[in-house]
Amino acid sequence: MKKTILSVALLACLSVGLVTACDSSSEDKANSFAIANKSEMTAEWHYGEASRDLEFESDPVMNPTQELISESLVIVSSDTSVVTVSGYTVSVVGEGTSTVTATWRGLSDSVEITITAEALVDIPWTVGTEYYLGVPVTDEAVLFATGDTVSNYSYEGVVSPYVSDAVKVTISRSEHGGAGLVLSLEGGKYLNIVNGEHVNLEISTTKGYVYYNPTYQCLGNAEGTYFLSYNSTYGCLYVSEVASWIESAPTATFYETESATDAPAPREHVTSLDNIETATYTLGIYHTGKYAIYYMTGEMSGFYGATSTDESDAIICTVSAATGTSTYGVAAIDSTGETETKYTISFTKNSTTYYVGLKYNDTHNNLTFVAESSTSSAITEFSWDSTYDCFTAPGSETGSSSTVFLGTYGSYSTIGWYNYSYISQHDEYPIHLYSVTTTTPEQ
């Protein structure tokens, strides 16, 4: 009876051409299986180069993707510190040799892969030598990396115009060869460029890499899309995008320690207005981010005062002290009636005398030049701030009273009024008084 049932079942299979389906072991067998592109996989392969895909030849012909999903095809690396395998893609991790083995339906084939260091890219500096890392912000001035990062902004490097503040940097080559460099700082730290959500500068005790970009002769990331530069907005060492900034932002480079010199000292500004009644000055913003003085010209640029780095464009201003009860309005003597020395700032241009003033609107404190003959605007009186050697006044931001200072911030070089509570930040620049020189023309 059992023989009859088996015969009937076999006859049923034959009648629909399903002998292989009825033989549960036949689909697990393969007549042949091999890695088809061994010559490509064993060709010279350097650290940092692109991944490569394995190709197969088999009988019966198979679809590698489907076989990987079903786990019929299994591919492994004998040393994952050299190469790793994801699907049928082999990716480089480090130098060395690893055997990659593929197994399918009982048959296996292997290929031995060797990864070598990249050929060294020529660099214009000497390995093992101590340098200072700096950025040339003007023809005469180099700002040097100090080995510190800006407080609260770990991706911004502090720079200084003084060689005594500079950190010594020793260059060595990456163990992976190519254009990779290791920048070792005094004190056991490293300067790295790291990839994450953003490409950033990092100074830490963890060894990383910076890469030399021979196309632009600069330091940057491995892909060559970012470079180590100077951000004049914040006055710091920064990582900037090549496509947007390589033509305009100063590029960081190395300077020999024996020949490095301090940047020219900035011009000294007036630090006291004690006991003056009337004196003449030029007004200027010493912008440390741009390492230049921007002099007020007596012209407006929108809601702000225009400036120039050429002192011959500067306007000569008269600063006058006014002690006693003020009649001028917005910056008057305080409400307690205390006597305080206040100051007005005036200049003459095109035979008209103007006063530097503070003009409110709904959301901003704007600079204005008030003609002496004008009756539509009150002349502003200012306080002298001896901490930052600048002028302040009571301001109004979005309806609430606050003290403001005369100056600028960030990458701007025009003059306006800004919240005094921010003045100590590294990207805030108050206006200063400078003595009139022979460079300044008479108006």
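The structure this text deals with has already been given above.
Note that the structure is a prediction, hence the values are computed from the model and not measured. (Residues numbered from 1 in each chain as written. Predicted model: local features only at pLDDT ≥ 70, side-chain atom pairs only at ≥ 80, totals over all residues. Heavy atoms only, no water.)

Caption draft 1: Layout of the environment of Ser-108. Relative to the assigned elements, Ser-108 resides in strand β8 (residues 107-115). When the C-alpha atoms of Ser-108 and Ala-34 are compared, they prove to be 7.2 Å apart, with 74 residues separating the residues in sequence. Among the polar contacts made by the side chain of Ser-108, one reaches the side chain of Thr-103 at a distance of 2.8 Å. (Helix = DSSP H or I, 4+ residues; strand = E, 2+ residues; numbered from the N terminus. Polar contact = N/O pair within 3.5 Å; in protein donor to acceptor, adjacent residues only side chain to side chain.)

Caption draft 2: Quick peek at the pattern of salt bridges. Summed over the entire model, instances satisfying the criterion amount to six salt bridges. A salt bridge links Glu-175 to Lys-207; the nearest nitrogen and oxygen atoms lie 3.7 Å apart. Of this pair, Glu-175 sits in the loop between β12 (168-173) and β13 (180-185) while Lys-207 sits in the loop between β15 (199-204) and β16 (210-213), and the two are 32 residues apart along the sequence. According to the relative accessible area criterion, Lys-207 is partly exposed, its value standing at 40%. (Salt bridge = Lys/Arg side-chain N within 4 Å of Asp/Glu carboxyl O. Buried < 20%, exposed > 50% of the residue type's maximum accessible area, 1.4 Å probe, protein only.)

Caption draft 3: Inspection of unusual backbone geometry at higher detail. Cis geometry marks the peptide bond from Asp-59 to Pro-60; its omega dihedral reads 5°. The topology assignment puts Pro-60 in the loop between β3 (56-59) and α4 (64-69). Although it is not a glycine, Glu-71 sits at a positive phi angle of roughly 65°. Tracing the backbone through its elements, the reader meets Glu-71 in the loop between α4 and β4 (73-77). Look at Asn-350: it is not a glycine, yet its phi comes out positive at around 55°. Structurally, Asn-350 can be placed in the loop between β25 (341-349) and β26 (352-360). Residue class for Asn-350 comes out exposed when judged on its relative accessible area of 70%.

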